[in-house]
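Working through the structure, step by step
Given next are the chains, with one letter for each unit.
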Amino acid sequence: MSTKRITQLGILTTIALIIFVVELRLPDLSFIPGMKLGLANIVTVYAVYRYTAKEAAMILFSRILLGSIFGGNMSALIYSLNGGIMCLLGMLALRKILDERRMWVSSVIGATLHNIGQTLAAIAVMRTTAVIAYLPFLLVAGCLAGAFTGLCAQSVAGRVKAR
Amino acid sequence: MKNIKAKLVTAIAVLIFTAAVWCAVILMRGGSENVKITQDGKLLYTIDLSKAKDQKIEVEYKGRKNVIEIKDGRIHMLEADCPDHICVDTGWLENVPIVCLPNRLVIEFEESGNDAEVR
């Protein structure tokens, strides 16, 4: 991997991390406490389309790990990680079908998979299905947030020349 | 290719619709009188809110603490020493269960159906 490449990945990870930490400080946006827009995924969506699968995974996992350390909430790591893995796999599969002008569609599906992955992890850890009650709310919000982050990523991609 | 795209968009539309209906079902689900408190999959308390007197219940998990409060026939999480305080912010128990992910604590209404008997 060239130095230029490593630098790019480092910068993208940093941007994602800054967005993540700033978003943690924002007040709750919805009536479900703890629900977030997931703005850091603008970088994830962009990386999925402009970098290799391995590179996109490196950015995402560094951000999730460092984000939960900086956020001071290590107990949330397992949920973010499971959501992140499902979201990443889904979007990597979709990037072959949906081109850059359809990034937002891919992002919506990624957000949905993220919510499902989070909920599955919560069911496994908490050993109760009570948490499923949150899933439909997460899905509706996830679709909206996913479309928004996807459109942001698309607008970034439009301004950055493809390799 | 066009076909797949159309299918994906349809799938998303169906998903949003299903999720919205599911939300409505959960929001319309009335609360019963019986509340159960579970931690780590184990049932700790079953409480009849109509008969319970005002009280505070302390629950510990691996050295961390939650305080549950029952007042005027309602129940909520009063304190939690986790960083996010999501369970406290959830407020009084209404439709969705109160969940504390870090301490694996759940406060929920017992389903009135016969499938939820865990005792």
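Refer to the structure above for everything that follows.
In this text the structure is predicted, and so the values were computed from the model without any measurement.

Parameters and conventions
- Residues numbered from 1 in each chain as written.
- Chains lettered and ligands numbered in written order.
- Predicted model: local features only at pLDDT ≥ 70, side-chain atom pairs only at ≥ 80, totals over all residues.
- Heavy atoms only, no water.
- Helix = DSSP H or I, 4+ residues; strand = E, 2+ residues; numbered from the N terminus.
- Rg over C-alpha atoms; globule rule 2.2 N^0.38 Å.
- Buried < 20%, exposed > 50% of the residue type's maximum accessible area, 1.4 Å probe, protein only.
- Contact = heavy atoms within 4.5 Å.
- Salt bridge = Lys/Arg side-chain N within 4 Å of Asp/Glu carboxyl O.
- Pairing = 2+ DSSP bridges.
- Phe/Tyr/Trp six-rings, centres within 6.5 Å; stacked < 30°, edge-to-face > 60°.
- Lys NZ or Arg CZ within 6 Å of the ring centre and 35° of its normal.
- Polar contact = N/O pair within 3.5 Å; in protein donor to acceptor, adjacent residues only side chain to side chain.
- Axes fitted to C-alpha atoms, helices over the stretch in contact; angles between N-to-C directions.

**Regarding the overall build of chain A**
Of the regular secondary structure elements, chain A holds 6 helices and 0 strands. Ordering the α and β elements of chain A from the N terminus gives α-α-α-α-α-α. Relative to the globule expectation of 15 Å for 163 residues, the C-alpha radius of gyration of chain A, 15 Å, shows essentially globular dimensions. With the principal axes as the frame, chain A shows a C-alpha extent of 45 × 30 × 30 Å. The burial tally for chain A puts 51% of its 163 residues in the buried class. Long-range contacts, defined here as pairs at least 24 residues apart, represent 71% of the contacts in chain A between residues at least 6 apart.

**As for the pattern of salt bridges**
Inspection of the entire model under this criterion finds 6 salt bridges over all chains. Residue A:Arg5 is joined to A:Glu55 by a salt bridge in which the shortest nitrogen-to-oxygen separation is 2.9 Å. With A:Arg5 in helix α1 (residues 3-25) and A:Glu55 in helix α3 (residues 53-70), the pair connects residues that are 50 residues apart, well separated along the chain. For the pair shown, A:Arg5 and A:Glu55 are each scored as buried. A salt bridge links B:Asp48 to B:Lys51; its shortest N-O distance comes to 3.1 Å. You can call B:Lys51 exposed: its relative accessible area is 69%.

**Section: the environment of A:Phe31**
Of note, A:Phe31 is situated in the loop between α1 and α2 (41-50). When the C-alpha atoms of A:Phe31 and A:Thr52 are compared, they prove to be 37 Å apart, with 21 residues separating the residues in sequence.

**Brief notes about the pairing of strand β4 (residues 64-71) of chain B**
All names here are of chain B. Relative to β4, strand β3 (residues 55-61) is paired through 7 bridges, and the arrangement is antiparallel. Note that in β4 the partner of tyrosine 61 across the bridge is arginine 64. Hairpin connection from β3 to β4: 2 residues lie between these consecutive antiparallel strands, with lysine 62 at a positive phi of about 50°. Of the strand pairs in this sheet, β4 and strand β5 (residues 74-80) are connected by 6 bridges, and their pairing is antiparallel. Pairing of valine 67 across the sheet is with glutamate 79, part of β5. Where β4 hands over to β5, the hairpin turn is made up of 2 residues, of which aspartate 72 adopts a positive phi near 50°.

**Details of the packing of aromatic side chains**
Under the counting rule described, the total for this entry stands at 0 aromatic pairs over all chains. A cation sits over an aromatic face here: B:Arg74 above B:Trp92, 4.1 Å from the ring centre.

**Quick notes on the side chain of A:Arg50**
Residue and element names in this part refer to chain A. Mapped onto the secondary structure, arginine 50 falls in helix α2. By relative accessible area, which is 8% here, arginine 50 ends up buried. There is a polar contact of 2.9 Å between the side chain of arginine 50 and the backbone oxygen of valine 160.

**Some thoughts on the sheet that holds β4(B)**
Residue and element names in this part refer to chain B. Here we have 3 strands laid out as an open sheet, ordered β3-β4-β5, and antiparallel in their pairing. At either margin of the open sheet sits one strand with a lone partner, and together these are β3 and β5. Adjacent strand axes in the sheet meet at a mean angle of 25°, parallel and antiparallel pairs treated alike.

**Considering the environment of A:Cys143**
Among the secondary structure elements, A:Cys143 is positioned in helix α6 (residues 135-159). When the C-alpha atoms of A:Cys143 and A:Val125 are compared, they prove to be 25 Å apart, with 18 residues separating the residues in sequence. If we skip the residues at most four places from it in the chain, A:Cys143 touches A:Val108, A:Thr112, B:Leu15 and B:Ile16.

**Considering the sheet that holds strand β1 (residues 34-39) of chain B**
Residue and element names in this part refer to chain B. The strand order β2-β1-β7-β6 describes an open sheet built from 4 strands, whose pairing is antiparallel. Strand pairing shows two members of the sheet lacking a second neighbour, β2 (42-48) and β6 (98-100), which therefore form its edges. Mean inter-strand twist for the sheet, computed between neighbouring axes without regard to direction, equals 15°. Of the pairings in the sheet, the one linking β1 to strand β7 (residues 105-109) comprises 5 bridges and is antiparallel in character. What sits directly across from isoleucine 37, in β7, is isoleucine 107.

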